[in-house]
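Below, each chain spelled out in residue letters.
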Amino acid sequence: MPTIVSVDDSTVPGEGSSRLLLLVSSDNKHIVVEEDIMSRSRFISKQVEGFEATSQRHAILLPFSSFVLNKVIEYCSHYRGYYLLEDDPDAAPPGRSPVREWDQEFLDVDRNMLLRIIKAAHYLEIKSLVGSCARAIADMIRGKTTEEMREILGVENDFTPEEEHSPSSKCTG
Amino acid sequence: MSRLSPGALDTALAVISGKIGILQKTQEQLRILLDSNQASIATLEAERRDLEAQRYPIHWLPPELLIQIFVLATDTYDATAHIDITPVRLSHVCRKWRDISLSEPILWRRVFLRPDDLRHRHVISSAATAFVSRSRGSAVEVVFSGRPSDPQTLLVQSALLLALKDTQGHVFSTLPPLKSISFQSGYDFMVNMLTFLRNGKDAYPSLQSIDLTLIHPASAHLFDSLRNDNAPVFMNPWNRQHFPSLQEVSVQDVALGCLPLGQLPALRELSLQVTPWAPQPPYRANFLHIIHLARFLACAPNLERLVLIRGGPIFNLQVDPDAPAAFWAEDRAWRHVSHTRIPPVPMEHLRELEWTGAHPDSLHFFFTHFPAPNLELLDVAFVDVNKHNAPLHGPDPIAVASVTADTPAPGLLQPVLELSRLKVLRVECTSGDVLRAPFLKLCFPALETLSIANADLSLRWAGAGSNAFSTLPHLPRTESIFRDPRMPRLTHLMLSAFTVLQEHAPTMLAYMPALEHLECDIVDGVSALLAALAATRAHVGGPKYCPRLSRIDLWCCEDVGFVLLEMVVKLRNGFRKHAEAPVPQPASMPNGRVIKPLRRTARAGTESPLTQEETCAKITEVHVDGCPSISEDDARSLEKWGVKVLWSPPSKHPS
């Protein structure tokens, strides 16, 4: 992991009270963000705990692009200081994630971007964002036919004709 | 062909056998090679599929995320369909989705039953069987929708009910544990299901939700069938704990007296809806008898939300604070309707009460019978007992009669009740007079949001430009509506479809010193409100009323002029000297005679609690929608005073 990195000035946030973290995206962009903002991520929190155990702070490499990472940071910045039940590791998981109006606008993006965000949120263990993304995707396919689902989410029908007409796969009553 | 010697024959045979053996060995090797080849092809094909799948971002998601999405996608369903189609469709999208969906029992939790499933015990449709199989024993949600049967073959005979007490023979007993029951049916099937719930010897530990809708006009039969059956099997022992997880009950046209009782410690929400057409008097009086609601609520001490949609009780029994609390424990005793007094049922955890079709006098009775000290939201729509209401073809006779029996004896004063935690009060009615009664014996010292709306929809359809404004009912004086008109914590006021009289406006606003947001929807008299808001305090300057006001919303208000609105904004945003403030014109009688304001001493509560040192809030947001007297240019001109403006033109066809 790189310990000495160059930081793009445009990604440095304003002065804050918490320590800074260096996140490195898959396209090798270095993004500095306040630790406090990313504390919603269980993955980042565990990484930071590891730093404290070794008294060394490293950059955190992440397997998604800076474009996606910036969206996740935007989400975390918006909810900085907010308590969201889904992100509380000590709380019992809620039955279903609440619908948040801001999230709906935030996730009004194209399909591929939405899928990238949910994957990144899953990797970073931000359950509230995973829940909101999952709800947004579910809303896209709810009430749709099989063919419409394939079209909306870009899924290829890989059934053979025999499989497609197999009675074992049917349940139409 | 010459005969071979035995030795030569043996040799020839041995050679042939050797050749066959070699060929067989070769064949075996080829078979192994072929199998290996096939396996390699299968592996490569799978690899190719995986790689090709990478072209589609949806395949990047791990199975646990797809399951989460699938579960959310099955949130809603069509109760009238014959199966829950969404999981079926999900399993038909592609191989991966099929494998995931078939391996996830929760997707198949919703089992749709049909009338035949209930008629023929132990036999359910193949589709329902498939769902039960795929749910793999996890708790299921039963959905039943069945049209009423032929009235000649109704299953309401007591003998049949008794036969059903053998619940082990019921189709429900063949299902995995029940998580929820959604039942929409005629009363034959409803009796069937209710009898199962009432007679079950075992508890329903997983049952969280019951949603029952009776679709038969003669629902009174259901009530009589179950209520009047005194067989012990239909009794509901007070201490029965058969529904430890039940959180939500919603019933439509099913009397609470029919429901299985016993302790409901987890119940948080109860919705009781009665359609206007069923059942009809005289059954309806029994149907909504307060004793059934009171008994039910006594079993549900942790209820947080109560919804009564034309389902308010008939207050035909008086409350007796000295009655023993054990009154409800004896099942045979409380069913006798000869009681005249019943104990109150405290609702310590009730936070929200939504009540549609309430008699104006019944609100006080309700809180007398069901004290709710922690109520935070009260949403009530009153029937106008003196006015014909089109959808109901006249005042609801039950609502009218609902309070007569509990009218206190002459000379007996009703106590004043304080709802000390109430923050939100939303009121709907169809005339101003209705508002004069319900709140005079109630106090709301912590009120933060108040909405008073005239629910006469004909006004909205009439739209701007019609003479609808001339028919708007007058909003009574605040003192005539509330026992204590002072609202020191009120921040949000919404008025809809009323006329605010000029002489009432300043007083009303004076009672609301903390008001931040004023919303007027089809209100006549907005000018009077704005004039009051533009008034300044003598010798001190600054706004006289509502100094914290920061947002004004005007919807379809015809009489409002831009000049007054601009004055309010300029005064509060520091762009106008108080000397310019308009002096509110005194009210005048139709004959031109001027009404002089009475001289009186300052009344407690009418003065703003803000000190003179406190700075006045600025108006930061103005919404103007459908107000013909305010043009877009005028509205936008407020932006130069630092106001965010949203403007919409009047609609030709308002909804």
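Everything quoted here is computed from the prediction, not taken from an experiment.

Novice: Break down the overall build of chain B for me, citing the residues and quoting the values.
Specialist: Counting its secondary structure elements, chain B contains 20 helices and 20 strands. For chain B, the residues scored as buried account for 50% of the 655 residues in total. Within chain B, contacts between residues at least 6 apart in sequence are counted, and of these 77% link residues at least 24 apart. As presented, chain B carries roughly 30,600 Å² of accessible surface, and 55% of it is formed by carbon and sulfur atoms.

Novice: Now, about the overall build of chain A: what can you tell me, with residues and values included?
Specialist: Each helix and strand in chain A was counted, giving seven helices and three strands. Along chain A, from the amino end to the carboxyl end, the secondary structure elements read β-β-α-β-α-α-α-α-α-α. Counting only residues that meet the buried cut, chain A has 41% of its 173 residues in that class. Here chain A displays about 9,300 Å² of accessible surface, and carbon together with sulfur accounts for 50% of that area.

Novice: Explain the interface of chain B and chain A residue by residue, including any values.
Specialist: Taken together, the contact between chain B and chain A spans 35 residues of the former and 36 residues of the latter. Both faces combined, the contact of chain B with chain A buries some 3,300 Å², and carbon together with sulfur accounts for 64% of it. At the junction of chain B with chain A, the criterion picks out zero salt bridges. Remark: the boundary between chain B and chain A carries seven residue pairs in polar contact (both at pLDDT 80 or more). Listing elements by their share of the side of chain B that touches chain A, those giving two or more residues are helix H1 (6-53), helix H2 (63-73), helix H3 (85-91), helix H4 (95-102) and helix H6 (126-135) of chain B. If you tally residues by element for the side of chain B that touches chain A, the top one is H2 of chain B, at six residues.

Novice: Pulling in residues and values, what's your account of the nonpolar core?
Specialist: Phe-172, Phe-367 and Phe-439 of chain B are the most contacted members of the largest nonpolar core, which totals 200 residues. Excluding anything up to four places from it in sequence, Phe-367 of chain B contacts Leu-353, Ala-372, Leu-375, Leu-378, Leu-417, Leu-419 and Leu-442 of chain B.

Novice: Talk me through the packing of helix H5 (residues 127-141) of chain A against helix H6 (residues 146-153) of chain A; I want residue IDs and the actual numbers.
Specialist: All names here are of chain A. Between H5 and H6, whose axes approach to 9 Å, the crossing angle comes to 135°. In terms of their interaxial angle, H5 and H6 are classed as oblique. Contacts between H5 and H6 involve Ile-137, Met-140 and Ile-141 from the first element and Met-149, Ile-152 and Leu-153 from the second. Split into classes, the residues belonging to the contact of H5 with H6 amount to six nonpolar, no polar and no charged.

Novice: Please give an account of the confidence of the model for chain B that cites residues and values.
Specialist: Residues and elements named next belong to chain B. Scored by pLDDT, chain B comes out at a mean of 80, with 75% of its residues at no less than 70. Within the model, pLDDT remains below 50 along residues 388-398, and this stretch shows 15 contacts once partners closer than five positions in the same chain are excluded. Note that residues 586-590 has pLDDT below 50 and, in this model, eleven contacts with residues that lie over four places away or in other chains. Quick note on the complex model: pTM equals 0.78, ipTM equals 0.87.

Novice: Describe the pairing of strand E11 (residues 377-382) of chain B, with residues and values.
Specialist: Residues and elements named next belong to chain B. With respect to burial, E11 is a largely interior element, five of its six residues being buried. Two strands pair when backbone bridges link them, and strand E10 (residues 352-358) and E11 are joined in this way by six bridges, in the parallel orientation. Looking at E11, one finds that Trp-355 is bridged to Val-380. The pairing of E11 with strand E13 (residues 424-429) spans five bridges and is parallel. Looking across to E13, one finds that Ala-381 is bridged to Glu-428.

Novice: Just give me the short version of the packing of aromatic side chains, but keep the residues and values in it.
Specialist: Each aromatic ring pair is summarised here by two numbers: the centre-to-centre distance and the angle between the ring planes. Following the criterion strictly, the structure yields 22 aromatic pairs over all chains and no others. Their ring planes at 85° and their centres at 5.4 Å tell us that Phe-366 of chain B and Phe-367 of chain B sit as a pair that is edge-to-face. With respect to burial, Phe-366 of chain B and Phe-367 of chain B carry one shared label: buried. Chaining the aromatic ring pairs together yields one cluster made of Tyr-75, Tyr-79, Tyr-82, Trp-102 and Phe-106 of chain A. The aromatic ring of Tyr-79 of chain A is capped on one face by Arg-100 of chain A, whose charged end is 5.6 Å from the ring centroid. Here Arg-134 of chain B stacks its cationic end above the ring of Trp-108 of chain B, 4.6 Å away from the centre of that ring.

Novice: Tell me what's going on with the sheet that holds strand E1 (residues 20-24) of chain A, and back it up with residues and numbers.
Specialist: As a general point, the strands of a sheet are linked pairwise by backbone hydrogen bonds and lie either parallel or antiparallel. All names here are of chain A. Read from one edge of the open sheet, three strands run E2-E1-E3, paired in mixed fashion. Single-partner strands in this sheet number two, and they are strand E2 (30-34) and strand E3 (60-61). Two strands pair when backbone bridges link them, and E1 and E3 are joined in this way by two bridges, in the parallel orientation. Bridge assignment links Val-24 to a residue of E3, and that residue is Leu-61.

Novice: Go over helix H19 (residues 562-572) of chain B with me, naming the residues and quoting the values.
Specialist: Looking at H19 of chain B, one finds that the buried residues are Phe-562, Leu-564, Leu-565, Val-568, Val-569, Leu-571 and Arg-572 of chain B. In the segment just after H19 of chain B, Gly-574 of chain B is the residue with positive phi, at about 80°.

Novice: Describe the side chain of Arg-150 of chain A, with residues and values.
Specialist: Tracing the backbone through its elements, the reader meets Arg-150 of chain A in helix H6. Classification of Arg-150 of chain A as buried rests on a relative accessible area of 7%. If sequence neighbours within four positions are ignored, Arg-150 of chain A has contacts with Val-155, Asn-157, Phe-159 and Glu-164 of chain A together with His-92 and Val-93 of chain B.

Thresholds applied
Residues numbered from 1 in each chain as written. Chains lettered and ligands numbered in written order. Predicted model: local features only at pLDDT ≥ 70, side-chain atom pairs only at ≥ 80, totals over all residues. Heavy atoms only, no water. Helix = DSSP H or I, 4+ residues; strand = E, 2+ residues; numbered from the N terminus. Buried < 20%, exposed > 50% of the residue type's maximum accessible area, 1.4 Å probe, protein only. Contact = heavy atoms within 4.5 Å. Areas by Shrake-Rupley, 256 points an atom, 1.4 Å probe, with all protein chains shown as cover. Buried area = accessible area lost by both parts, 1.4 Å probe. Salt bridge = Lys/Arg side-chain N within 4 Å of Asp/Glu carboxyl O. Polar contact = N/O pair within 3.5 Å; in protein donor to acceptor, adjacent residues only side chain to side chain. Core = buried A, V, L, I, M, F, W, Y, C linked by side-chain atoms within 4.5 Å. Axes fitted to C-alpha atoms, helices over the stretch in contact; angles between N-to-C directions. Parallel < 35°, antiparallel > 145°, perpendicular 65-115°, else oblique. Nonpolar A, V, L, I, M, F, W, Y, C, P; charged D, E, K, R; others polar. pLDDT = per-residue confidence, 0-100. Pairing = 2+ DSSP bridges. Phe/Tyr/Trp six-rings, centres within 6.5 Å; stacked < 30°, edge-to-face > 60°. Lys NZ or Arg CZ within 6 Å of the ring centre and 35° of its normal.

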